[in-house]
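Read off the chains here:
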Amino acid sequence: MVSLSSTRSLYETQAAKLTCQTAQPIFQDANGLAIKFFIQRDIPDEIQAQVCETIASLGGRVDTKMPRAGFVLVQPGTSEEERLRLCWSTIERPERYFVPYTYVEACKVSGMLLKQIFIHEGQPIPMHIDSSIANVNVRTTLSARIMHSGGDPSASAQSARVILADPNTDIFNHLVKTYQGEADKYVESYLWVKKCIEKGQVIYTPVVYKNPGGRRPGEERTQFSQEDEKHLCEWIAAKIPYKETGGRTGNRLYQQLCEMASEPEYAWVTRHTWQSWRERYKKNATRLDARIQEIVEQKKPAHGEKGQYGYVRKPEEKPKRTRKKSRNSTANDGSAPVPGPSGVHSLETYSMPMPVPLPPMTGVMGPVGGPEDGFNPVVYQPPAPVFQHMSVPTPGPPMTAAMARQNAREEEVEDDEVDWQIREGNAPTPAWAKRKIDEEEEPSKRQRTRSQGATNGLHVIDQAVHDIAKDYRFLVEEVQEYYDKCGDPERTRNRFKKMRETLNKLPDEEPVTV
């Protein structure tokens, strides 16, 4: 049962209209005749008395017989309401409307006679309120508004002509795709009911034809102009100045070009798709390469210069490792790997370059140990800063046992080896002093190594990004993100310089107290 108090709350936003009522009562037609009402018999007497009083005060009239044209006030969901509809709802009487008895109070609060717009072929439009509208108050308000305007909100999803759902959920898109092929079924937002009531008519959301792609018959594609080719050659000359390095026919070069469309100086990019830019160069490579070469000869960029596509770097040489097929020869050496504090095999007994993790191989640790060690590569998750800033030493001569002991950073000195590792002058150091020196010097060695790696291990491009972030007090990630888009370090520096100057000029919202 819909109570009168709940109906008042539905239209409380329109209560101000009551003060501006015209001289003509709400329940009178244009000729000044009273609109007739019929009330369902089994509605409680106190409610009937209140409804009759409201109708009379607004100029209407309550009849004891079924009016030919007027409103039949019913109690939704009851068997008597169903009986009245079956008996008196006919096509011959299109102006006889069945509404809940709260309709009278709703008209009074809104200050107008609510039109019966949700009617199709003389019958209420069946509507279904989907579960995506989870708020109970919204569902109640929606249901009352539909009934007061002639609709039926109690239909199922299968039998409903209109399905109301929340457009901010995935269910709404699913319903649209499910019923888009049915001509007499519409999926609408819950706000659609209010819009129809305000306009006084039912207007379904129009279906817009979606272009499947491609050009329409007779439509010409955007032609390439001389200016387009000039811009294209300048872009390729800046990113891949030397054709022998490769990459001019790749996809990424032209995708990156179209990603710059948001920049004012690259507004010309939107004239064509990245596929069109690529095909233009590919089909005219011989002619465009000559123009690109002229631009390169004027600017004379170096190989791998900052701003070039892909941040060209010289590949690092990998140390050669001799491998033998048999694993049993490890017993001939008379040595075995000694576990250190980090769980990595000791390198003191092998004559080979110390393996180091390369920046492009972050997260994968290669074989570590002697030439005959069967240790397989392991995947692990190292802290990013360690690998990012570690210096990569150039390959040198094979490392001897003495060099391995001198460069040991993570191994702990064993008790049986301390008698020859640490010396003071020409005489051996006492046993009690050896451990103390170890504890004092080892942390400083590691700290010194890490600091060197943090400053000298960066690539020139990464170092430039860090310098810009430090000079103008921005996050490295912010500077890196913009640099990846434009590829020009000077342009990146100027942009963040202007941003910092703009921020410094902004006045404080509150005065700074010293």
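Residues numbered from 1 in each chain as written. Predicted model: local features only at pLDDT ≥ 70, side-chain atom pairs only at ≥ 80, totals over all residues. Heavy atoms only, no water.

### Regarding the overall build of the protein chain
In step 1: Each helix and strand in the protein chain was counted, giving 19 helices and 13 strands.
In step 2: Burial analysis of the protein chain (514 residues in total) assigns 32% to the buried set.
In step 3: Contacts in the protein chain between residues at least 24 apart in sequence constitute 66% of all its contacts with a sequence separation of at least 6.
In step 4: Accessible surface computed for the protein chain: about 33500 Å², of which carbon and sulfur atoms make up 52%. (Helix = DSSP H or I, 4+ residues; strand = E, 2+ residues; numbered from the N terminus. Buried < 20%, exposed > 50% of the residue type's maximum accessible area, 1.4 Å probe, protein only. Contact = heavy atoms within 4.5 Å. Areas by Shrake-Rupley, 256 points an atom, 1.4 Å probe, with all protein chains shown as cover.)

### Focus: the packing of aromatic side chains
In step 1: The final tally for this structure, using the stated rule, is 13 aromatic pairs.
In step 2: An angle of 90° between the planes, with centres 5.9 Å apart, marks the rings of Trp 235 and Tyr 266 as edge-to-face. A residue pair is termed long-range when its members are at least 10 positions apart, and Trp 235 in helix H8 (residues 226-239) and Tyr 266 in the loop between helix H9 (251-258) and helix H10 (274-283) qualify at 31 residues.
In step 3: Site record: aromatic cluster; members linked through ring pairs are Phe 27, Phe 37, Phe 71, Tyr 97 and Tyr 103. (Phe/Tyr/Trp six-rings, centres within 6.5 Å; stacked < 30°, edge-to-face > 60°.)

### Notes on the confidence of the model for the protein chain
Regions with low pLDDT carry predicted coordinates that are not meant to be interpreted in detail.
In step 1: Overall, the prediction assigns the protein chain a mean pLDDT of 75, with 62% of residues at 70 or greater.
In step 2: Here strand E10 (residues 364-365) is the element of the protein chain with the lowest mean pLDDT, 44, and strand E7 (residues 127-129) is the one with the highest, 95.
In step 3: A low-confidence stretch, residues 15-22 stays under pLDDT 50, and its non-local contacts, those more than four residues away or across chains, total 6 contacts.
In step 4: Segment residues 360-380 is flagged for pLDDT under 50; beyond a separation of four residues in sequence, or across chains, it makes 38 contacts in the model. (pLDDT = per-residue confidence, 0-100.)

### Section: the nonpolar core
In step 1: Formed by 32 residues in total, the largest nonpolar core has its most connected members in Leu 232, Ile 236, Leu 257 and Tyr 281.
In step 2: Elements represented by at least two residues in this core include exactly H8, H9, H10, helix H11 (285-299), helix H17 (460-471) and helix H18 (476-486).
In step 3: With residues up to four places along the chain from it excluded, the contact list for Tyr 281 reads Leu 232, Ile 236, Lys 243, Arg 248, Thr 249, Tyr 254, Leu 288, Asp 289 and Ile 292.
In step 4: Residues Ile 39, Ile 43, Ile 55 and Val 99 belong to the second largest nonpolar core, which totals 19 residues. (Core = buried A, V, L, I, M, F, W, Y, C linked by side-chain atoms within 4.5 Å.)

### What about the pairing of strand E1 (residues 36-39)?
In step 1: Looking at chain direction, E1 and strand E2 (residues 61-62) are connected through 2 bridges and run parallel. Of the residues in E2, the one forming a bridge with Phe 37 is Val 62.
In step 2: Tracing the backbone out of E1, into helix H2 (residues 45-57) and back to the parallel element E2 gives a crossover that is right-handed. (Pairing = 2+ DSSP bridges. Right-handed = clockwise from strand over helix to strand, strands pointing away.)

### With respect to the pattern of salt bridges
Two side chains bearing opposite charge may form a pair once their charged atoms approach each other closely.
In step 1: With the rule as written, the count across this model stands at 14 salt bridges.
In step 2: Between Arg 280 and Glu 229 there is a salt bridge whose closest N-O contact spans 2.6 Å. With a gap of 51 residues between them, Arg 280 in helix H10 and Glu 229 in helix H8 connect regions that are remote in the sequence.
In step 3: On the basis of relative accessible area, Glu 229 is assigned to the buried category, the value being 3%.
In step 4: Residues Asp 471 and Arg 493 are paired through a salt bridge, measuring 3.2 Å at the closest nitrogen-oxygen approach. Residue Asp 471 is found in helix H17, and its partner Arg 493 is found in helix H19 (residues 489-505); the two are separated by 22 residues along the sequence.
In step 5: Each of the salt bridges in this network shares a partner with another, and the network as a whole consists of Glu 229, Arg 280, Arg 287 and Arg 291. (Salt bridge = Lys/Arg side-chain N within 4 Å of Asp/Glu carboxyl O.)

### Some remarks on a negative patch on the surface
In step 1: A grouping of Glu 477, Glu 478, Glu 481 and Asp 484 is seen on the molecular surface, where their side chains present a negatively charged patch.
In step 2: Take Glu 477: it is sitting in helix H18. (Patch = residues over 30% accessible without salt bridge, like charges linked within 9 Å, V, L, I, M, F, W, Y side chains within 5 Å. Lys, Arg positive; Asp, Glu negative; His and termini not counted. Charge placed at Lys NZ, Arg CZ, Asp CG, Glu CD.)

### Describing unusual backbone geometry
In step 1: For Glu 121, which is not glycine, the phi torsion reads 55° and is therefore positive.
In step 2: As for its position among the elements, Glu 121 is in the loop between strand E5 (119-120) and strand E6 (123-124).
In step 3: Positioned with a positive phi, Arg 473 is a non-glycine residue whose angle comes to about 55°.
In step 4: Within the fold, Arg 473 resides in the loop between H17 and H18.

### Observations concerning the packing of helix H5 (residues 136-148) against helix H7 (residues 192-199)
In step 1: Look at H5 against H7: their axes get within 10 Å of each other, and the N-to-C directions meet at 35°. Handedness of the crossing formed by H5 with H7: left-handed. Judged by residue contacts, Leu 142, Arg 145 and Ile 146 of H5 engage Val 193, Lys 194 and Ile 197 from H7.
In step 2: Residues that form the contact of H5 with H7 fall into these classes: 4 nonpolar, no polar and 2 charged. (Axes fitted to C-alpha atoms, helices over the stretch in contact; angles between N-to-C directions. Left-handed = near helix turned anticlockwise from the far one by under 90°. Nonpolar A, V, L, I, M, F, W, Y, C, P; charged D, E, K, R; others polar.)

### Some words on H9
What sets the pattern is the α-helix's 3.6 residues per turn: residues three or four places apart point alike.
In step 1: By the burial criterion, the buried members of H9 are Leu 253, Tyr 254, Gln 256 and Leu 257. For H9, the angular spread of the buried residues around the axis is 155°, confining them to a single face.
In step 2: Packed against the buried residues of H9 are H8, H10 and H18. (Arc of directions from axis to C-beta.)

### Considering the side chain of Asp 130
In step 1: Of note, Asp 130 is situated in the loop between E7 and H5.
In step 2: Of the side chains with opposite charge, Arg 139 lies nearest to the buried Asp 130, which makes no salt bridge, at 6.7 Å.
In step 3: When sequence neighbours within four positions are dropped, the list of residues in contact with Asp 130 reads Arg 139, Ile 163, Leu 164, Ala 165, Ile 171 and Leu 175.

### Description of the packing of H8 against H10
In step 1: The geometry of H8 relative to H10 is characterised by a closest axis approach of 11 Å and an angle of 85° between their N-to-C directions. With respect to their mutual orientation, H8 and H10 come out roughly perpendicular. Judged by residue contacts, Asp 228, Glu 229, Leu 232 and Ile 236 of H8 engage Trp 277, Arg 280 and Tyr 281 from H10. (Parallel < 35°, antiparallel > 145°, perpendicular 65-115°, else oblique.)

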